[in-house]
Every structure is written in structure tokens, then in C-alpha cells.
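Coordinate analysis (summary)
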Amino acid sequence: MSAIANDNFERLPKNYLFAEIGRRTEARRLRHPGEAIIKLGVGDVTRPLAPVIIEAMHKAVDELASKETFKGYGPEHGYMFLREAIAANDYKGLGIRPTDIFVSEGAICDGGNVSDIFGKDATAGITTPVYPVYLEANIMAGRQIRFIPCNASNDYTGDIPSEAIDIIYLCYPNNPTGAAISRSRLKEWVDYALKNGSIIVYDGAYEAFIRESELPRSIYEIEGAKYCAIELRSFSKTAGFTGVRCAYSVVPEELGKFHSMWAKRQECRFNGVSYITQRGAEAVYTPEGRRQTREAIDYYAGNAAIIREPLVELGLEPVGGVNSPYIWARTPGSMKSWDFFDLCLEKAGVVITPGVGFGESGEGYFRISSFGEREDTAKAMQLLKSLIYSL
């Protein structure tokens, strides 16, 4: 064969984290058929879509049934009705225009695709532990990567690098650690980017879970950020769209060529999100939509409190769960992450996420998701508490 393969794919981890979790979970189910397994590993939602969203989507379906209101291909950047709603609500007073907003099928897609607009010789600064897509997208692009450790000593917000890095990936509230970032620390990152000509890719997918009013909800609350930052947001966790698929990126015109390049990238390689989905997303911004989606977020926040309490009692130093749906904690007795995963799965029938799956710096930690059902969450924590006390 004469075609040349992208050998950077060989540098990727052999097994994708969540696929491996699925494989081990299924193997356990086959070994113990009929025994319940409680899944608090993958961050998928369990609450149904809000009634006002369903109503808006049904109405959009009816429009497609009529010749007068039928919609075919939509605009690649997103329908203006949704872009305007996002700008007016999520970025009110921050100077973000509807034309700065690009609707997409998911934040994980944007997190990987944004790599397209940067040269392969650009260096990528990636915080660790890290959600896999940022790292893997840059590995596939063949870029040089600088890891930025996030741990208890820096409040899981990373130390500002001493050298210039071209692209900085930040995610707050963080996945996987659940840590939030203060306004002062985020300003330090923005100041660093402005000084060094860097671009920050800021993943704000979990912004809706922020409860402490002093924390920034958007990087654009920081002066100068429009000149150095791209922000990613998602309706997946905010409104339960994990199976519907809708998100958006913000690439301000102030970023110059990066704004026009992202627009061109979407035009060339994306056919847009369905009209039905975007009408559903628009409904999130109605007064009733905000109330109904807030009920689901509050439900998950209640689960997070149920998860945190026993982990504190057990001395496992949990992080997150206050401004985030994720809780990050130490494994008991410095146990290896996958060993603890296997123990929880086999002995308690509870699926967690091994911290090492988010990078070597996650070894000795685990993540728990609060997106389960309340009864399952409470039961899982009772089982884990009993298991850990027995060690």
C-alpha cells in the first residue's frame, strides 16, 4: 500500500478510557448475571428533558411537516435565533455578539476540532489530569505537548508556565477533578496569554453547576479575554442534551484570523445542527426553560452532596461536588486507580472512573459522577463506604 498513514495515531492510548470501563463492566455483568450494577462512572445524565424543551421540539417537528414551514439544510454556524438567545443570556453585558457564536453538535467535538485552526508546530499546554479529547486531538495533530500539573498545591488550577506556550487548554469547573477556578487565578491565565500571544481554549461545559457567586462563569468576564480566548459550552449537562447533541463555541471577532478560520472550518466540514434540536435549545432560555433545567441541575447537586459526605468522613480528601457534578478523591491506602475500580465493580457492583484514565497524574485517584438516580447514588455510597471500611 502506497498511502501514508498518520502515525501519530500510534501514540494514542491503546484503549479509550470509557470504552475500557464499558468492557470491564460488561464482563462483570456476564460473570454475575442478574446482579445490579450502579453506574457512577461515565458522566451521562439521567433526568428527562424539560417539558418546555420537548414542547418546542414537537412544534419544530410539526413545522417540518408543512411545505410552508419546512426546513432543509440550516446555516453551518447555527440559526440566528439561537445565536441571539445565547448572546443575550449567557453573555449579557460581556460584549459577545451573535456572530461570535457557532452552534455545534457537542463540546467534545469542538474540543477536538478546534485543533484544526492551529499550526502543527504550535505547542499545546494541557492541564493534567485531563479529559482525554484535548490531549488526544493534539497527539493526532503531531504537536509538542507541555503538561501543566493540577493538584492540591495549586488548587487544581495549574501553575502559570515560565515559558511561552501557544495553545492553553483550561476546563472549569473541571472535568475530571470538579475544581472551580477563582477570578484572580483566571486573570493570571488571561494575562499570561496576552503577554505571550497564546490562545486559551476554555471549556465551560459545566458552568451551570457553579453555585458560589464570586466565581467567574465565563472567561470573558476577565478583561482582555476576547483577544486571547475561545470558549466552549454545551447543552448536554446544562439541559440534558447528551443524547440530543447541541453545543456552541465562542470565537470573538477580536481574535482576528482565528475567528475567520473557525468560521471557514465549520462551513467546509460541518452541515449544522438540526432545526428541531436548535429550537429545543432556544427554549432553555425562556423563563420556564430556565426554571425547569435548574430543577435538574439542583437534583444532580443534591446527588453530589450525598457523594461528598462519606468521602470526607473516610478521609479521602474529595475535590469538587460543590460547583461541579464531579467529585475527585484519593483511593484508599494509595491503591492503584484501576485496582480500586476493579474492587468497587467486583465487590460492590459500583462503577466509578479510575483517575489514571485522565493521565498519569491521576494515578491514585478516582472520579464519581453525580448524574445518577438519587436512590442509586445513595445506595452506591453506602456500598462503597462499607467496602472501604472493610479494607
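Residues numbered from 1 in each chain as written. Predicted model: local features only at pLDDT ≥ 70, side-chain atom pairs only at ≥ 80, totals over all residues. Heavy atoms only, no water.

The next point concerns the pattern of salt bridges. Under the defined criterion, the tally for this structure stands at 30 salt bridges. As a salt-bridge pair, Glu35 and Arg28 come within 3.2 Å of each other at their nearest N and O atoms. Judged by relative accessible area, which is 42%, Glu35 ranks as partly exposed. The class of Arg28 is buried, set by a relative accessible area of 4%. The network of salt bridges with shared partners includes Asp90, Glu207, Arg217, Glu231 and Arg233. (Salt bridge = Lys/Arg side-chain N within 4 Å of Asp/Glu carboxyl O. Buried < 20%, exposed > 50% of the residue type's maximum accessible area, 1.4 Å probe, protein only.)

Pairing is antiparallel in the open sheet, where four strands are placed in the order 9-10-13-12. Strand pairing shows two members of the sheet lacking a second neighbour, strand 9 (319-320) and strand 12 (353-354), which therefore form its edges. Bridging between strand 10 (residues 326-330) and strand 13 (residues 365-369) involves five bridges; their strand directions are antiparallel. When the sheet's bridge partners are listed, Ala329 is paired in strand 13 with Phe366. (Pairing = 2+ DSSP bridges. Helix = DSSP H or I, 4+ residues; strand = E, 2+ residues; numbered from the N terminus.)

Running from N to C, helix 10 (residues 287-313) and helix 12 (residues 374-390) cross one another at 10°; their axes reach a closest spacing of 10 Å. Accordingly, the angle class assigned to the pair helix 10 and helix 12 is roughly parallel. On the side of helix 10, the interface is formed by Tyr299, Gly302, Asn303, Ile306, Ile307, Pro310, Leu311 and Glu313, while helix 12 contributes Arg374, Thr377, Ala378, Met381, Lys385 and Tyr389. (Axes fitted to C-alpha atoms, helices over the stretch in contact; angles between N-to-C directions. Parallel < 35°, antiparallel > 145°, perpendicular 65-115°, else oblique. Contact = heavy atoms within 4.5 Å.)

Its location among the elements puts Lys237 in helix 7 (residues 235-239). At 6.5 Å, Asp44 is the nearest oppositely charged side chain to Lys237, a buried residue that forms no salt bridge. Among the polar contacts listed, one links the side chain of Lys237 to the backbone oxygen of Gly43, at a separation of 3.3 Å. Residues within four places of Lys237 in sequence aside, it is in contact with Gly43, Val45, Tyr206, Phe209, Thr242, Ile297, Tyr326 and Phe371. (Lys, Arg positive; Asp, Glu negative; His and termini not counted. Polar contact = N/O pair within 3.5 Å; in protein donor to acceptor, adjacent residues only side chain to side chain.)

Counting buried residues in strand 13 gives five out of five residues, a clear majority hidden from the surface. In strand 13, alternate side chains face the same way, and those of Tyr365, Arg367 and Ser369 on one face and Phe366 and Ile368 on the other are all buried.

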